[in-house]
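# Survey of secondary and tertiary structure
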Amino acid sequence: MVNLVLGQLNDRISFQLARLAIVLAFLVGTVFAVVQIYLDFSDEEQSRQTQLEEIMAVAQPVASRAVLRLDEQLAKEVALGLIEYNFVVSVNIIDDMNRSMALEVKDRVATSNTRWLTRLISLETVETQLDLPLNYTDQRHVGKLIIIADYDLYLAQFYERSLVIIASGFLHTFTLAFLLMIFFHYVLAKPLRNMTVQLGALDPAKPHLFKLSVPLPHKTDELGKLAKAVNMLIKAINALMEEQEDAQKRLSIARDELEFRVNDRTAELKHEIRERLRAEELLKDANIQLEDRVDGRTKELSQEIERHKSTLIALSDMKEAADSANRAKTSFLANMSHELRTPLNAIVGFTTIMDEEMFGPVGSERYKQYIKDIQDSSTHLSEILGNILDLAKVEAGELTLNEENVDVEKMINNCSKMFVVMAAEANITIKQDIPQNLPLLLADELRIKQIVINLVSNSLKFTPSGGTISISCALNDNGGLLLGVEDTGEGIPREKLHKVLEPFAQVDGSSGKSFQGVGLGLSLSKSLAELHGGKLWIESELDVGTKVFVEFPSSRTI
């Protein structure tokens, strides 16, 4: 009985339309619910990140002072203050030697019925690190502040809102489907069923006596047009039946005439077949001759292919040897850079402590000058080794980009501030030409800063006193971002423009040069630009100045 009722319902167009409406309403409601839940989830994540940043910003100065003074008691107080937040699981303050000065961990983590869901959609705990600067003006780091937060506590209210959204969506969907089924039945299905009963009573032998009627409310809509079309079709069928009888008579006459023509055409085809057989014999003879010529040419080609194979094998061996040598060079540079930077970091750290006289006065002023010279030389050597290491990573394909939305104007302003003192001492003016409302750039901000700093540093080296350095940024015709650094320095000869973009290449090759550097800045900047899908090129004129341009593709403009 149940199967019979279900079968009757499946045959009703109103039930089929309602079923389709349920599916569509369910899909649309689900999509909207998922979008709303996702937006709510994004807000929760943003709120969590903002709260963590505020907490860490308050604790950063005190933690920096504790690490700088090696005050473990102060560091412990900072950690105890942060662990009081209910969502903070652990707090760790470490110095620049990766030694933990204060570590606080909660004895018990709050229980939750939704923790399994948090593990499914995200991380149960989130670790946030904050570098501790030496002071407000010096951005060198003396340690790190690491906080691990329980993410499940942030999502409790989010789960409750999600359940309400899903339940409300299902209720709306089924209510709409029930109303649509009733509406489809009375407006469409019932009139169609009546028209079907009338069509079932049609007598095929007497179609001219039948006329389909339709309820009055549907005279002008699609059902009325359908009834009119059916009546016109029945009338047309009557006319076709009369024409069919006449066509059968004419077909009999045409069949007799066709048989006469077929016999005549058959005789012509037999003659054509005999002629074609003779042509096929001639074609066989020509094919035999052609095969003999092809065999001879094939032997010649086989011998030439063997010679080409021998040449390709030799070239492959030479290429493999060159690749092996290049990999060995890259590995050597990377290993040596790492090994040298470790003692250099220690030299820079200890000379900074001695220069600031953290543990007592140094004594002679000459010692202070020596310490300053050691610190400057170590920092410069560390920068050179950093460039060598980055270049080795690029060549080895191991340098990965940490992409984010970069405010280019803000980034250039920060880079310019680093050269204010140096430019003032050299009597050089640094200008900026950056339009307002410049779009964001999807890139690795650290690597973009590295490009700008390298280009401005080169310009400072080769721009005489009283000169000008201009930093510009704008959109090109294709919608990509074009970054330029222009100076009024001595310029580069045209025949040496390609050379300065090579690693360790310099325009002035003399051993008595007055500028520091090993010729890696432009080469590394070019590699970093290409790693972003962009390009770098130079325009220069002797005694006029040099322009360096970096262009990023439009796909990175936001």
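Structure first, text after, so check above.
This write-up is about the structure you can find in this document. (Residues numbered from 1 in each chain as written. Predicted model: local features only at pLDDT ≥ 70, side-chain atom pairs only at ≥ 80, totals over all residues. Heavy atoms only, no water.)

A separate point is the packing of helix H10 (residues 445-462) against helix H11 (residues 521-531). The contact between H10 and H11 brings their axes to 9 Å, and the two run at 150 degrees. Looking at the two axes, H10 sits roughly antiparallel to H11. In this structure, H10 meets H11 at a crossing whose hand is left-handed. Here H10 contributes Arg-447, Gln-450, Ile-451, Asn-454, Leu-455 and Asn-458 to the contact with H11, which in turn contributes Gly-521, Leu-522, Leu-524, Ser-525, Leu-528 and Ala-529. In terms of residue class, the contact of H10 with H11 is built from 6 nonpolar, 5 polar and 1 charged. (Axes fitted to C-alpha atoms, helices over the stretch in contact; angles between N-to-C directions. Helix = DSSP H or I, 4+ residues; strand = E, 2+ residues; numbered from the N terminus. Parallel < 35°, antiparallel > 145°, perpendicular 65-115°, else oblique. Left-handed = near helix turned anticlockwise from the far one by under 90°. Contact = heavy atoms within 4.5 Å. Nonpolar A, V, L, I, M, F, W, Y, C, P; charged D, E, K, R; others polar.)

With respect to topology, 5 strands assemble into an open sheet ordered E6-E8-E9-E11-E10, the strand pairing being mixed. Of all the strands in the sheet, just strand E6 (429-433) and strand E10 (535-541) have a single pairing partner and so form its edges. In this sheet, adjacent strand axes meet at a mean angle of 15 degrees when their direction is disregarded. In the sheet, E10 pairs with strand E11 (residues 545-552) via 7 bridges, with the strands oriented antiparallel. Paired with Glu-541 across the two strands is Gly-545, which belongs to E11. Where H10 meets the sheet, its contacts fall on strand E8 (468-475), strand E9 (481-487) and E11, and the angle it forms with E9 comes to roughly 20 degrees. (Pairing = 2+ DSSP bridges.)

A positive phi is found at Leu-70, a non-glycine position, where the angle reads about 55 degrees. Turning to its location among the elements, Leu-70 is positioned in the loop between helix H2 (13-68) and helix H3 (72-83). By relative accessible area, Leu-70 is classed as partly exposed at 47%. Unlike most non-glycine residues, Asn-98 shows phi in positive territory, near 60 degrees. Checked against the element boundaries, Asn-98 lands in the loop between strand E1 (88-95) and strand E2 (100-105). (Buried < 20%, exposed > 50% of the residue type's maximum accessible area, 1.4 Å probe, protein only.)

Pairing of side chains with opposite charge becomes possible as their charged atoms draw close. Scanning all chains against the criterion turns up 12 salt bridges. Its salt-bridge partner being Lys-76, residue Glu-104 comes within 2.7 Å of it at the nearest N-O pair. With Glu-104 in strand E2 and Lys-76 in helix H3, the pair connects residues that are 28 residues apart, well separated along the chain. One salt bridge connects Glu-268 with Arg-265, and the closest N-O pair in it is separated by 2.7 Å. Separated by 3 residues within a single helix, Glu-268 and Arg-265 lie in helix H6 (residues 222-355), roughly one turn from each other. For Glu-268, a relative accessible area of 39% puts it in the partly exposed group. (Salt bridge = Lys/Arg side-chain N within 4 Å of Asp/Glu carboxyl O.)

None of the figures reported here should be taken as evidence of function without further support.
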